[in-house]
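As a plain string of letters, each chain reads:
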Amino acid sequence: MKLIFRGIVQGVGFRPTIYRIAKKLGLKGYVLNKGSEVEVVIDKNIEKFIKELKSELPSIAKITSIEKIPDKSNFLDFKILHSKFGTRHSQVPADVGICNSCIEELFDKNNKRYFFPFTNCTVCGARYSLIKDVPYDRERTSMDDFTLCDSCKKEYIDPLNKRYHAQTISCRKCGPSYRLYDKNKKEIGSKNVIKRFAKEIDAGKIGVIKSWGGMHLCCSIDEIPRFRKWYNRPEKAFALMVKDINVAKKFGEMNSEEKKLLLSKSKPIVLLKKKKCEIASPGLNTIGLFLPYTGLHYILFEYVSSDALVMTSANVPGEAMITTDKEAFSIDADFYLLHNRIIPNRVDDSVVRLWKNNRFFLRKSRGYVPDPLKVDYDEHIVSVGAGENITGAFSSDKQIFTTQYIGNSKYYSTVEFLESALKHLMSLTMKKKKIDAVVQDLHPGYDSRIVAKKISNEFSAPLYEIQHHWAHAASLLIDREIDKCVTLSVDGLGYGSDGNFWGGEVLNCDFEDFSRVGHLEYIPLIGGDAATHDPRRLVFAIMKNFDKEMYFTGSEAEVFSKLIKKSPLSSSLGRILDAIACYLEICQKRTYDGEPAMKLEKYLVTGNPKYNFEVEVKDGVLQTIDLFRQLDQYVKGSLTESKKADLSYSMVKSIIDSLTNIAIENANKNKIKNIGITGGVSYNIPITNMVERQVKKSKLKLIVHNSVCNGDGGISIGQNVIIGKKLKT
Ligand SMILES: [Zn+2]
Ligand SMILES: [Zn+2]
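Residues numbered from 1 in each chain as written. Chains lettered and ligands numbered in written order. Predicted model: local features only at pLDDT ≥ 70, side-chain atom pairs only at ≥ 80, totals over all residues. Heavy atoms only, no water.

(A) View of the overall build of the protein chain. A count of helical and extended segments in the protein chain gives 22 helices and 31 strands. Against the 2.2 N^0.38 benchmark of 27 Å for 729 residues, the protein chain shows a C-alpha radius of gyration of 27 Å, consistent with a compact globule. Summarising its shape, the C-alpha atoms of the protein chain cover approximately 90 × 65 × 45 Å along the three principal directions. Scored against the burial criterion, the 729 residues of the protein chain give a buried share of 64%. Carbon and sulfur atoms form 49% of the exposed surface of the protein chain, whose accessible area is close to 28600 Å². Of note, the protein chain has its 110 positive side-chain charges centred 5 Å away from the centre of its 87 negative side-chain charges. (Helix = DSSP H or I, 4+ residues; strand = E, 2+ residues; numbered from the N terminus. Rg over C-alpha atoms; globule rule 2.2 N^0.38 Å. Buried < 20%, exposed > 50% of the residue type's maximum accessible area, 1.4 Å probe, protein only. Areas by Shrake-Rupley, 256 points an atom, 1.4 Å probe, with all protein chains shown as cover. Lys, Arg positive; Asp, Glu negative; His and termini not counted. Charge placed at Lys NZ, Arg CZ, Asp CG, Glu CD.)

Next up, the structure:
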């Protein structure tokens, strides 16, 4: 019998497992790697063989299908045959944190990989970040610069060794190595460099560390104040890398699922309820923690005196993380710990938070990309996402592959990165040299459109535009494999079909079309984007309706008053949250993306519905401006922390309940069973809780994200699936 296995079956220890089982069962035949699939011929015990294989499957392997073809060939023995080029749509494995058995070797004095920072095996190590082409073989990765020594080669060709055909293995003798550079970018050695670097970190220095898919800035927790000044990030939350799970428990509260996620092979940054270290995430109720995932990280924690370090992507906010020595040296850090393996694919750390065991990906990158999503169309479609938190997506062979996190398209380097990441993904997964369609956002100002236009021209492929909040909703539908949903599509800003900026939308939609059944009242954004960066402008514009001038006086107030009439309009819930945070003096200045709304979350967590807000809905439009008049009346007198919490909770709850009710009403009218929530605001746990409570009362089902980013990182998937289903043949 011939068996064809498809899935993640390449470079993950699949063939050695097959070899071992076949030998154990006394089978005759062969196993052959054919790029995208693995072919096995065996003479007997088919079902037993498959059962054993499934139970002994290497941790990162995944079988998506098994095809059985009668084959009566005779063999004398069981053999592993050499790789052949297969079709190109092979599944590319994601990076996997160093496994426990490799960690043991790392700390075993008698092991040849003792304290060797690049230790990995068939089931762990960098993958996606170093793959240049498929099939996934060493010569098509950035390990091709390092020739295996005899001893490593022995491991590589021994089918019973844990490093059999592990493409990225090496040792101190033949592998990459770290070097230390000082402030003047002068190399100060290659001996004991990790120990020396650790000593500098302990002494309060700021260091750059080259990792698998990019560079981190690293310093001790005590140095955070200086680090914030130096890096010009006065308030932004920094993730901490902690030595182990017990240390993690000191910094953040976790349930068993969150613990599992922290320890999972992808080793993402997990947002947890903060227990201590306010300085790492000022004003927020959460803290981002992650565990070491490379040999280097483990060795570093052996040498530094603290058990937690700031470990944050080295980049300009919104721009792509740096990957080369030259870029690293432009940062002007105190020390640089760099290695000599190039980084073909930059991958940032992934960031996840859990809501009732659903994964909300704030950033889906290392450890998860390209992680394909199943769809029912075969068309090759390229989609380029929106403007911020961009990802690109490409569909091939009934799957959507997404790029790693790209960044903000207003930077030229990010636009270039979007194009190269998409093209790389296409080259890895494309079956035919044809693109059936390219999809972009409606917003005329997004530079991701440059990439869309270019690819559309190159391949003479038609170009489509999809409305932002519909794309969000479609990304939720495909995430949960449903066809229809009335969705709260709530976020910062997205270009609406009427030319205004949407973001507080109730959409009745499927993959074919959507209707806007409700939304928040339009408010003017004084100075457009400037109002996003300065929430005081939002409040100023709102309070002018009640003849009250706030924050600005004199000529400035005069100019703003005039500007109100000419300003773009927005129905965004994110902006309303910003305005509430501003009005209640929780955050009046935005220093990073989403800051006011994120800081508001802390108050929503502790607040109670003590105040009554009367919400009026006129023809599906929820009147938000009048809510600020009501807020203004409640605020009279002193504003204590608990009053801030109760007021923000009461006001936000009245908005969310009302939006959810619009959705429920429409769903009942149209006999739709599901209410969804998507968009950046849905990361907000208290808000999602409010929606859930309201939906529960209606006996409908609440749909939330689990695999696709809630925020704009999921837009490319929504765009792809809408056009894919439209063009499906
Ligand atoms: Zn390993
Ligand atoms: Zn070696």
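(B) Molecular detail of the coordination of the zinc ion (ligand 2). Protein coordination at the zinc ion (ligand 2) comes from Cys149 (SG), Cys152 (SG), Cys171 (SG) and Cys174 (SG), with a distance range of 2.3 Å. Of note is the zinc ion (ligand 2), whose 4 donor atoms meet at the metal with angles of 105 to 116 degrees in an arrangement that counts as tetrahedral. (Donors = N, O, S within 2.8 Å, 3.2 Å for Na, K, Ca; no water. Tetrahedral: all angles 85-135°; square planar, octahedral: opposite > 155°, others 65-115°.)

(C) Spotlight on the coordination of the zinc ion (ligand 1). Protein-derived coordination of the zinc ion (ligand 1) comes from Cys99 (SG), Cys102 (SG), Cys121 (SG) and Cys124 (SG), at a distance range of 2.2 to 2.4 Å. Taken together, the 4 donor atoms surrounding the zinc ion (ligand 1) define angles of 103 to 116 degrees at the centre, an arrangement classified as tetrahedral. Summarised as a motif, the one-chain spacing of the donors to the zinc ion (ligand 1) is C-x2-C-x18-C-x2-C. One end of the pair, Cys102, is in helix α3 (residues 100-106); the other, Cys124, is in the loop between α3 and α4 (150-157), with 22 residues separating them in the sequence. Across the pair, exposure class does not vary: Cys102 and Cys124 are buried alike.

(D) Geometry of the environment of Asn710. Looking at where Asn710 falls in the secondary structure, it is placed in the loop between β31 (701-703) and α22 (715-727). Taking the C-alpha atoms as reference, Asn710 lies 5.0 Å from Gly679; in sequence the two are 31 residues apart. The residues touching Asn710, leaving out its near neighbours within four places in the chain, are Phe360, Phe361, His472, Thr678, Gly679, Gly680, Ser682, Tyr683 and His705. (Contact = heavy atoms within 4.5 Å.)

(E) Looking closely at the sheet that holds strand β21 (residues 437-441). If you walk across this open sheet you meet the 6 strands as β17-β20-β19-β18-β21-β22, and the pairing is mixed. If you trace the sheet from one side to the other, it starts and ends with β17 (373-374) and β22 (463-466), each paired once. Across the face of the sheet, α22 comes into contact with β17, β18 (381-383), β19 (393-396), β20 (399-402), β21 and β22 while running at roughly 150 degrees to β18. (Pairing = 2+ DSSP bridges. Axes fitted to C-alpha atoms, helices over the stretch in contact; angles between N-to-C directions.)

(F) Summary view of unusual backbone geometry. For the bond running from Val369 to Pro370, omega is 5 degrees, close enough to zero to count as cis. Following the sequence through the fold, Pro370 ends up in the loop between β16 (358-363) and β17. Positive phi outside glycine occurs at Phe115, with the angle close to 55 degrees. Structurally, Phe115 can be placed in the loop between α3 and α4. On the accessibility criterion, Phe115 (17% relative accessible area) is buried. At Asn192, a residue that is not glycine, the phi angle is positive and equals roughly 50 degrees. Tracing the backbone through its elements, the reader meets Asn192 in the loop between β6 (178-181) and α5 (193-202).

(G) Region of the structure containing the packing of α5 against helix α9 (residues 295-303). Closest axis-to-axis distance for the α5/α9 pair is 9 Å, and the angle between their directions is 55 degrees. Taken together, the axis directions place α5 and α9 in an arrangement best described as oblique. Considering how the two elements wind past one another, α5 and α9 form a crossing that is right-handed. Packed against α5, whose contacting residues are Ile194, Lys195, Phe197, Ala198 and Asp202, the element α9 presents Leu296, Ile299, Leu300 and Tyr303 at the interface. (Parallel < 35°, antiparallel > 145°, perpendicular 65-115°, else oblique. Left-handed = near helix turned anticlockwise from the far one by under 90°.)

(H) Layout of the packing of aromatic side chains. All told, the structure shown has 26 aromatic pairs when counted by the stated rule. Their ring planes at 70 degrees and their centres at 5.3 Å tell us that Tyr181 and Phe329 sit as a pair that is edge-to-face. Of this pair, Tyr181 sits in strand β6 while Phe329 sits in helix α10 (residues 325-329), placing them 148 residues apart in sequence. Each member of the pair, Tyr181 as well as Phe329, carries the same accessibility label: buried. Centre to centre, the rings of Phe290 and Tyr293 are 6.4 Å apart; their planes meet at 35 degrees, and the pair counts as tilted. In this structure Tyr293 comes out as buried when scored by relative accessible area, which is 3%. (Phe/Tyr/Trp six-rings, centres within 6.5 Å; stacked < 30°, edge-to-face > 60°.)

(I) Representation of the sheet that holds strand β4 (residues 62-69) in the model. Here 5 strands make up an open sheet; going across it, the order is β4-β1-β3-β2-β5 and the pairing mixed. Each of the sheet's edge strands pairs with one partner strand only, and the pair in question is β4 and β5 (78-81). Looking at each pair of strands side by side, their axes are set apart by 15 degrees on average, direction ignored.

(J) Representation of the pairing of strand β13 (residues 308-313). The buried fraction of β13 is high, at 6 of 6 residues. By the bridge criterion, 5 bridges tie strand β8 (residues 215-220) to β13 in an arrangement that is antiparallel. Among the inter-strand pairings, Ser220 is bridged to a residue of β13, identified as Leu309. In the sheet, strand β9 (residues 240-242) pairs with β13 via 3 bridges, with the strands oriented antiparallel. Residue Val242 lies in a different strand from β13, and its bridge partner there is Ala308.

(K) The arrangement of the environment of Cys102 in detail. Given the relative accessible area of 0%, Cys102 is considered buried. C-alpha separation for the pair Cys102 and Thr119, spaced 17 residues apart in sequence, amounts to 6.5 Å. Those residues in contact with Cys102 that sit more than four places away from it in its chain are Thr119, Asn120, Cys121, Cys124, Lys162 and Arg163.

(L) Structural context of empty space enclosed by the protein. With the rule as written, the count across this model stands at 6 cavities of 30 Å³ or more. Lining the largest cavity we find Pro117, Phe118, Thr119, Asn120, Gly125, Ala126, Leu130, Thr168, Trp212 and Arg341. Residues that form the lining of the largest cavity fall into these classes: 5 nonpolar, 4 polar and 1 charged. Considered as a void within the structure, the second largest cavity measures approximately 50 Å³ in volume. (1 Å grid on protein atoms, 1.4 Å probe; cavity = no way out; pocket = protein on both sides within 12 Å on 5 of 7 lines; lining within 4 Å. Points joined across faces, edges and corners; volume = space filled by probe spheres on them. Nonpolar A, V, L, I, M, F, W, Y, C, P; charged D, E, K, R; others polar.)

(M) Quick look at the pattern of salt bridges. All told, the structure shown has 51 salt bridges when counted by the stated rule. The closest approach of N and O atoms between Glu187 and Arg179, which form a salt bridge, is 3.8 Å. Relative accessible area serves as the criterion here: at 41%, Glu187 is assigned to the partly exposed category. The class for Arg179 is partly exposed, based on a relative accessible area of 24%. A salt bridge links Arg449 to Glu465, with the shortest nitrogen-to-oxygen separation between them at 2.8 Å. Residue Arg449 is located in helix α12 (residues 448-458), and its partner Glu465 is located in strand β22; the two are separated by 16 residues in the primary sequence. (Salt bridge = Lys/Arg side-chain N within 4 Å of Asp/Glu carboxyl O.)

(N) Local environment of helix α6 (residues 224-231). Looking at α6, one finds that the buried residues are Ile224, Phe227, Arg228 and Tyr231. Axial view of α6: buried residues confined to an arc of 100 degrees, hence all on one face. Buried residues belonging to α6 abut β8 and β13. In the segment just after α6, Asn232 is the residue with positive phi, at about 55 degrees. (Arc of directions from axis to C-beta.)

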